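Below are the chains, spelled out letter by letter.
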Amino acid sequence: MTVEQPKVYIEIINKINEIMKEDNLSQGDRLPSERELSDRLNVGRSSVREALRALELLDLIETRRGEGTFLKPANSHRLVSIILSFLLKDESAKQDLTETRRIVELEATRLAYGRMDQQTLDRLEELINQSKEEWKHGDFPVDEDYLFHKTIVEACGNRLLLNIWISLVEYNKVAIKESLQREGRPTASIKEHEAIFQALANSRLDEALEAMRKHLENSRF
């Protein structure tokens, strides 16, 4: 079930794109309502809502309370299209997703290095401690792992980069749990997070980038 769900909403995104072309919609235009999209696509409204949320995360549409959903001005649409084309593939997409996430996250770490405040560092340390507690009680620290990486990407201050990262990781968030389920991986992953944190806290960019690179490779997302 977890493998099929992403395919459903991505297919809906494709169909919504076709509707945009059929209705000759351009930036600033209002999209059909959830109910109309559901009827035209013959899918449930929850699936339509999930697809719209993905488009909103990618900064392609915006929802205005009481007015509806509107197309945003075009920016970096080509890059987003490339990313979505990766997601539309099956097994062959895994390497593309892994490489793309590594590129995005390493660059986000580089940018975050010069923009990270003490509050962000405290949050990273807190997440590491929470991960230890989760694993101590036999629970896989999936949410803590996700939030550790998200906190770093958020700190880079680049909204588009964050949206791209979210689209990549949310699509395959189950991979985090699968990675942590490997024997000995939770403990190793936490230590790798500690290495990233210590390098950032001590203003050692090269060490932070190398620690992040090794962590992403070892995680096998």
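Residues numbered from 1 in each chain as written. Predicted model: local features only at pLDDT ≥ 70, side-chain atom pairs only at ≥ 80, totals over all residues. Heavy atoms only, no water.

An unreviewed UniProt entry lists the protein under the name FadR/GntR family transcriptional regulator, with Alkalihalophilus lindianensis given as the organism.

Before going further, it helps to examine the pattern of salt bridges. Oppositely charged side chains may form a pair once their charged atoms are brought near each other. All chains considered together, the criterion is met by 15 salt bridges. Here Glu192 and Arg185 are joined by a salt bridge, their closest N and O atoms 2.5 Å apart. Salt bridges sharing partners connect three or more residues here, namely Glu22, Asp23, Glu36 and Arg40. (Salt bridge = Lys/Arg side-chain N within 4 Å of Asp/Glu carboxyl O.)

Contact geometry of helix H10 (residues 185-201) with helix H11 (residues 205-219) gives a least axis separation of 8 Å together with a crossing angle of 160 degrees. The orientation of H10 relative to H11 falls into the category roughly antiparallel. The way H10 lies across H11 gives a crossing that is left-handed. On H11, the residues touching Arg185, Ser189, Glu192, His193, Ala195, Ile196, Ala199 and Leu200 of H10 are Glu207, Ala208, Ala211, Met212, His215, Asn218 and Ser219. Among the residues making up the contact of H10 with H11, the classes are represented as seven nonpolar, five polar and three charged. (Axes fitted to C-alpha atoms, helices over the stretch in contact; angles between N-to-C directions. Helix = DSSP H or I, 4+ residues; strand = E, 2+ residues; numbered from the N terminus. Parallel < 35°, antiparallel > 145°, perpendicular 65-115°, else oblique. Left-handed = near helix turned anticlockwise from the far one by under 90°. Contact = heavy atoms within 4.5 Å. Nonpolar A, V, L, I, M, F, W, Y, C, P; charged D, E, K, R; others polar.)

Turning to the pairing of strand S1 (residues 61-64), a few remarks are in order. Across four bridges, the pairing between S1 and strand S2 (residues 68-71) is antiparallel. Each bridged residue has a counterpart across the sheet, and for Arg64 the counterpart in S2 is Gly68. Remark: three residues form the turn of the hairpin made by S1 and S2, two consecutive strands paired antiparallel; Gly66 in that turn has positive phi of roughly 80 degrees. (Pairing = 2+ DSSP bridges.)

Turning to the packing of aromatic side chains, a few remarks are in order. Going through the model one piece at a time under the given rule, you end up with two aromatic pairs. Arranged with centres 5.5 Å apart and planes meeting at 25 degrees, the rings of Trp135 and Phe140 form a pair that is stacked. Ring centres of Tyr146 and Trp165 lie 5.4 Å apart, and the angle between their planes is 35 degrees; on these two criteria the pair is classed as tilted. Here Tyr146, found in helix H7 (residues 142-155), pairs with Trp165, found in helix H8 (residues 159-171); they are 19 residues apart in sequence, far enough to count as distant. (Phe/Tyr/Trp six-rings, centres within 6.5 Å; stacked < 30°, edge-to-face > 60°.)

Turning our eyes to something else, we now look at H10. For H10, with 17 residues, the first-to-last C-alpha span of 24 Å sits near the 24 Å given by 1.5 Å per residue. Looking at H10, one finds that the buried residues are Arg185, Pro186, Ser189, Ile190, Glu192, His193, Ile196, Phe197, Ala199 and Leu200. (Expected span 1.5 Å × (residues − 1). Buried < 20%, exposed > 50% of the residue type's maximum accessible area, 1.4 Å probe, protein only.)

Looking at soluble globular proteins, one finds that nonpolar side chains tend to be buried together. Within the largest apolar cluster, 36 residues are counted, with the highest numbers of intra-cluster contacts made by Met116, Leu124, Phe148, Ile152, Trp165, Ile196 and Leu200. Taken together, the elements giving at least two residues each to this core come down to helix H5 (93-113), helix H6 (118-136), H7, H8, helix H9 (174-180), H10 and H11. Broken down by element, this core gets its largest block of residues, seven residues, from H8. One finds Ile12, Met20, Leu52 and Leu60 within the second-largest nonpolar core, a separate group that totals 19 residues. (Core = buried A, V, L, I, M, F, W, Y, C linked by side-chain atoms within 4.5 Å.)

Secondary-structure assignment places Thr69 in strand S2. A relative accessible area of 14% places Thr69 in the buried class. Discounting chain neighbours no more than four positions away, the residues touching Thr69 are Asp29, Arg30, Leu31, Ile61, Glu62 and Thr63.

With their axes 9 Å apart at the nearest point, H6 and H7 run at an angle of 170 degrees to one another. Put simply, H6 runs roughly antiparallel to H7. In this structure, H6 contributes Thr120, Arg123, Leu124, Leu127, Ile128, Gln130, Ser131 and Glu134 to the contact, and H7 contributes Glu144, Leu147, Phe148, Thr151, Ile152 and Ala155. Grouping the constituent residues of the contact of H6 with H7 by class yields seven nonpolar, four polar and three charged.

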